[in-house]
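Structural description and commentary
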Amino acid sequence: MADSHVVTQLLIAHRSGDEGASDRLFSMVYDELRGIAHRQLSFRRPGDTINTTGLVHEAYLKLFDRNDADWNDRVHFFAVTARAMRQILVDQSRAQKAQKRGGTNHRTELSSGVLVADESAVDLLDLEDALEKLNQLNPRLAKIVEMRYFGGMEIQEIAAVLDVSSRTVDRDWHKARSFLYLAISGRSEAPGGR
Amino acid sequence: MRDFSPGRWERVEALYDEALERPAEEREAFLDEACAGNAELKSEVLALLRAGDEAGSFLEGEKPAPVAAVREALHREPPPGSDLVGRHVGPYRIERPIGRGGMGQVYLAVRDDDVFMRWVAVKVIRRGMDSEEILHRFRTEQRILASLAHPNIARLLDGGVTDDGLSYLVMEYVDGQTITEWCRSQNPPLRARLEVFRTICSAVQYAHQNLVVHRDLKPTNILVTADDRPILLDFGIAKVLNPNLPGYQVPMTRTELRVMTPEYASPEQVRGLSVTTASDIYQLGVLLYELLTGVRPHETEGRTRAEIERLVLEREPEKPSTALSRAATVATVPGGGEPGSVARLRRLLAGDLDRIVLMALRKEPSRRYASADRLQEDIRRYLAGLPVEAQSDTWAYRSAKFVRRHPAGVVAAVALTMLLVAVAVLSIRFAVVTGAQADRVAQAARRTEEVRQFLVNLFEAADPAIARGRPITVLELLQEGAATVENDLAGQPDVQAEMLGTIGAVYRRMNLLADAEPFLERALAMRRSLYGERHELVAASLVDLAELRALQSRSEEAEGLHREALAVLRETVPEGASEIGSSLNNLGVVVYEQGRFDEAVPLFEEALAIREKAFGESSREVAETLANLAYAREDRGDLEGAEREYRRAISIQVRLLGDDHPDVLVTRQNLGVLLMNRGDLAAAETIFRQVLDARRRLFGEHSAPAQTTLNLLGRVLQAEGQLDEAEAIFRSVLAAHRADLGDRHYYVGRDLDVLAGLLVERQRWEEAEAAYIEALSIYRETLDGADHPRIVEARSALSKLYASWGRPDRSAAF
């Protein structure tokens with residue numbers, strides 16, 4: 001199990017560009033998030049919703065030594081979490097798709113509406129493809145989407161992680177959204193209307 | 001979709017940003033001009049702009065859709081145990097659910113393979129908690145938990161894993177109501193509540209003596225039977241289920257899952273620090289508070305978790321007698337509801353009971369009751385009309401309050417405190433942890449905790465002032481702090497002496513020993529003139545100065561001061577008081593460090609006896625002295641006795657602190673040294689590699705603790721004949737010590753001494769000779785007396801070297 005001091009140490013190393021530390025940190029956060037999601041979900045009644053922010057917050061409480069770390073460490077931690085979240089969700093999505101091809105349709109159970117958050121929900125795998133393309137063009141834009149969408153981070157927090165102004169993040173987020181929307185709507189006729 | 005060309009993308013972005021700055025109707029014209037005929041560029045930017053207009057709340061919806069996917073994928077598993085009723089779990093048939101706790105569902109079950117039926121409670125652990133891990137920990141804890149045979153503790157009977165992989169624990173079934181329900185339904189009078197509470201304390205004490213800490217004492221874990229007998233549930237379970245301390249983060253109430261509010265968590269649990277018996281004392285304090293007033297120490301209704309945590313860490317709880325006003329309408333108050341009863345109760349609580357409760361609830365573990373028994377005893381004394389042990393607060397709080405009254409001095413004081421924290425942390429990180437230093441590391445760790453608390457209080461008062469200030473250096477702050485103490489505190493010599501002593505201690509911790517000296521000496525002199533020779537605070541100042549002398553390698557003076565402090569304590573505090581135990585322990589360390597191992601042993605033995613009584617046989621203090629005793633025995637040649645003490649110390653420490661705690665690592669390492677000295681090289685190597693690994697993780701690759709272990713690994717490798725690796729290790733440790741501590745430090749001498757031994761083995765005589773000579777000259781500077789064992793040994797090693805080398809002529813020169 002994770003030790004918050006270890007996490008703090010790793011975070012410091014991660015911030016100073018130590019790739020080994022980044023990898024280890026990522027996999028710790030990934031495991032923790034999965035574990036928490038798993039636990040949360042197994043106790044929810046159908047009809048409940050789970051929110052990613054809550055999930056991330058719990059991982060944060062669990063993994064993170066709040067005494068030793070400053071605000072900056074914290075937002076970096078959230079950024080790592082966002083990456084882990086993205087990975088988990090995309091993996092789940094793939095698994096789900098594979099299963100649908102296999103014939104069992106689990107959607108019936110889920111179609112009560114509460115689970116699928118809203119009508120304009122994007123197909124995660126489409127989003128992932130588009131995000132990868134965006135990453136080729138400008139990695140910073142992709143990173144911003146990751147932090148904002150998967151990590152639920154505030155513009156100001158993202159700005160701190162990337163060490164740019166909030167205004168820049170705001171502009172980039174606008175651009176990235178336009179790009180992704182264009183990319184995804186170029187695939188299916190009516191974007192988001194699946 | 002269209003593929004944007006990477007070569008053009010940068011340009012696209014720039015134009016997009018610029019276009020967005022303009023009103024929508026001007027954008028196309030702007031692009032016509034800016035793209036200057038590059039139609040593709042223009043169309044790309046336009047497509048993006050259009051997409052932006054259409055995108056609406058794309059990706060910005062409140063709940064990201066992907067959440068549904070996680071949910072779906074993970075939802076397939078049914079909740080644990082939902083289908084267990086009527087089935088068997090091991091030999092137990094599940095009858096019905098009886099409750100739900102943080103860890104999962106609890107069932108009433110019956111063992112029906114016996115001749116007679118036996119009712120039990122079966123706790124099925126929710127999925128997602130690693131079953132194998134839990135089972136493994138259960139097996140290691142089982143023997144201890146199962147041996148907890150006490151009429152007021154529910155026995156842990158069994159545990160295992162169901163066919164479908166859920167782990168479960170089986171406990172004695174208790175037919176009763178939770179203690180809060182009992183208060184509500186019976187409305188027992190004050191005395192009855194206190195008697196029940198005393199019984200609970202005794203049960204907790206019993207468990208502590210058996211090395212089990214509860215960690216999660218709260219009303220739902222305490223049932224009261226029909227004949228008013230309290231029974232404690234889940235003793236030691238928290239550790240089986242969640243060994244890694246974040247103590248209270250054990251989630252869940254009935255239907256919704258959330259992280260439990262920290263209402264019953266001790267400050268150290270909120271911080272994620274080590275959970276010890278002191279945390280149970282704190283939780284007993286919360287319980288007592290609730291039994292007496294019907295409310296908890298901190299108002300938690302409607303607050304967020306973070307707010308509650310802040311309260312637990314920072315806010316002093318109000319006195320129970322005052323808190324009654326919050327609870328005036330609650331029927332759980334003793335004698336609740338009756339006219340006039342609250343006023344009467346307030347009179348009963350004010351004074352001794354207030355003090356008892358607040359002492360159990362102190363923020364710093366070391367300032368709470370030393371044991372559950374002492375708490376219980378104080379209640380007994382209260383009931384018998386005798387004076388109680390609980391006293392109002394002492395210096396940290398007085399200082400904090402002083403600062404609140406004098407805002408002008410606050411900035412400097414805050415600075416000072418920040419320093420204290422920084423330095424305390426540094427001293428842990430960089431303390432060279434060998435043998436007897438274990439003691440200091442442990443002390444530093446404890447102090448950090450206290451200082452942190454002090455800091456928090458100060459910050460509260462000084463926030464706005466700091467916000468305006470520019471960044472200041474550590475030394476500036478310290479000097480400013482000193483000036484403030486001189487000027488502003490002239491009228492309050494007692495506080496002044498305290499602060500001077502603190503500043504001296506800070507300098508000492510920063511290793512600015514010469515700067516520390518005048519402050520510590522003045523603090524001592526002031527206290528002597530204020531209080532006379534025979535006073536506890538004089539003893540405290542003596543100890544402060546003694547520690548400085550020890551660091552200055554002035555061991556004889558250090559010893560004299562420690563002896564004086566001990567004599568003062570023996571006259572001013574009761575026989576067997578914990579202060580005497582600490583004093584003996586510290587004196588033992590100084591005596592030991594002078595190489596008088598025989599003399600150190602009885603000092604440690606006496607310290608041990610006192611500490612066992614004062615803190616309990618399985619306390620951290622006892623472990624500390626045991627480790628010192630082991631070290632002294634070892635150096636005196638009593639290897640068997642030493643190994644015994646080490647192992648006892650380790651088992652206490654692991655239990656109290658967990659496997660990887662810095663203190664545990666110190667003791668483990670020393671055991672490794674002993675095994676090495678006994679020739680059990682393989683075992684020693686294993687221990688050193690473990691400790692090294694843990695220390696690198698905890699402190700960093702090049703930290704001093706890791707260096708020390710590395711050194712030892714080098715020595716064991718040398719003994720095993722792996723000379724290349726050993727030499728490389730020795731040289732890197734030596735270089736690090738030279739850089740950190742300077743060329744003339746004792747440790748540099750030790751490193752050279754060790755390296756020389758290896759060089760002799762490799763028959764590189766001249767290098768070895770140089771190393772020995774340098775080591776000896778450092779020893780002579782830093783150790784007392786030409787007959788110190790290290791000096792004697794190094795000299796004899798050197799003459800052996802000359803003999804093997806065949807150069808007795810050199811010996812004469814030397």
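Here the structure is a predicted model, which means the values were calculated and not measured. For every chain, the first residue of the written sequence is number 1, and numbering continues from 1 along that sequence. All chains are assigned letters beginning with A, and all ligands numbers beginning with 1, in the order in which they are written. Per-residue local features of the predicted model are confined to residues with pLDDT of at least 70, and side-chain atom pairs are confined, for both listing and counting, to 80 or more; whole-chain, interface and lining totals are unaffected and use all residues.

1. Brief notes about the overall build of chain A
- Scanning chain A from N- to C-terminus turns up 9 helices and 0 strands.
- Secondary structure is summarised from DSSP: a helix means a run of H or I of at least four residues, a strand means a run of E of at least two, and numbering begins at the N terminus for each. Starting at the N terminus, the α and β elements of chain A follow one another as α-α-α-α-α-α-α-α-α.
- Put plainly, a residue is buried at 20 or more neighbouring C-beta atoms within 10 Å of its own, exposed at 12 or fewer, and partly exposed in between, counting only other residues' C-beta atoms, which are placed from the backbone. The buried share of chain A, taken over its 194 residues, is 41%.
- The contacts of chain A with a sequence gap of at least 6 include a subset with a gap of at least 24, amounting to 69%. Each residue is represented by a C-beta atom placed from its backbone, and any two residues with such atoms within 7 Å are regarded as in contact.

2. Here's the deal with helix 8 (residues 155-162) of chain A
- Taken residue by residue, helix 8 of chain A has Glu157, Ile158, Ala159 and Val161 of chain A as its buried positions.
- Among the residues trailing helix 8 of chain A, aspartate 163 of chain A stands out with phi positive, at a value near 60°.

3. Brief notes about the nonpolar core
- Of all hydrophobic cores here, the largest spans 181 residues; its most connected members are Val122, Leu284, Ala360 and Leu542 of chain B.
- A total of 10 residues in this core trace back to one element, the largest contributor, which is helix 10 (residues 277-293) of chain B.
- Residues within four places of leucine 542 of chain B in sequence aside, it is in contact with Leu524, Leu561, Glu564, Ala565 and Val568 of chain B.
- Judged by nonpolar contacts, the second largest core, of 53 residues, contains Ala82, Ala84, Val169 and Ala176 of chain A. We call a set of buried Ala, Val, Leu, Ile, Met, Phe, Trp, Tyr and Cys residues a nonpolar core when their C-beta atoms link them within 7 Å.

4. As for the packing of helix 28 (residues 662-677) of chain B against helix 29 (residues 681-699) of chain B
Residue and element names in this part refer to chain B.
- Angles shown run from 0 to 180 degrees and are taken between the N-to-C directions of axes, each axis being a line fitted to C-alpha atoms and, for helices, limited to the stretch in contact. Between helix 28 and helix 29, whose axes approach to 8 Å, the crossing angle comes to 155°. Considered as vectors, helix 28 and helix 29 are oriented roughly antiparallel to each other. Remark: the crossing between helix 28 and helix 29 carries left-handed chirality. Counting all contacts with helix 28, which are made through Pro662, Leu665, Arg668, Gln669, Leu671, Gly672, Leu675 and Met676, the residues of helix 29 involved are Leu681, Ala683, Ala684, Ile687, Phe688, Val691, Ala694, Arg695 and Leu698. Here the word oblique covers every angle except those under 35 degrees (roughly parallel), over 145 (roughly antiparallel) and from 65 to 115 (roughly perpendicular). By convention, the crossing between two helices is left-handed when the near helix turns anticlockwise from the far helix through less than a right angle, and right-handed when the turn is clockwise.

5. Some thoughts on the sheet that holds strand 7 (residues 177-178) of chain B
Residues and elements named next belong to chain B.
- Pairing between two strands is assigned when DSSP locates at least 2 bridges connecting them. If you trace the 3 strands from one edge of the open sheet to the other, you get 7-8-9, paired in antiparallel fashion. Two strands bound the open sheet, and with one partner strand each, they are strand 7 and strand 9 (230-232).
- Pairing of strand 8 (residues 222-224) with strand 9 involves 3 bridges; the strand directions are antiparallel. Bridged to isoleucine 222 within strand 9 is leucine 232.
- The strands touched by helix 7 (residues 190-209) within the sheet are strand 8 and strand 9, with strand 9 carrying the most contacts at an inclination of about 30°.

6. Details of the environment of arginine 367 of chain B
- Looking at the secondary structure, you find arginine 367 of chain B in the loop between helix 14 (352-360) and helix 15 (372-384).
- C-alpha separation for the pair arginine 367 of chain B and alanine 278 of chain B, spaced 89 residues apart in sequence, amounts to 9.2 Å.

7. A look at the pairing of strand 4 (residues 118-125) of chain B
Residue and element names in this part refer to chain B.
- Across the 8 residues that make up strand 4, a large majority, 6, are buried.
- Examined bridge by bridge, strand 4 and strand 6 (residues 167-172) share 5 bridges and lie antiparallel to one another. The residue of strand 6 that forms the bridge with valine 124 is tyrosine 168.

8. Re the environment of serine 325 of chain B
- With respect to the helices and strands, the residue serine 325 of chain B is situated in the loop between helix 12 (320-323) and helix 13 (341-349).
- Through-space distance from the C-alpha of serine 325 of chain B to that of threonine 293 of chain B is 9.0 Å; in sequence the pair is 32 residues apart.

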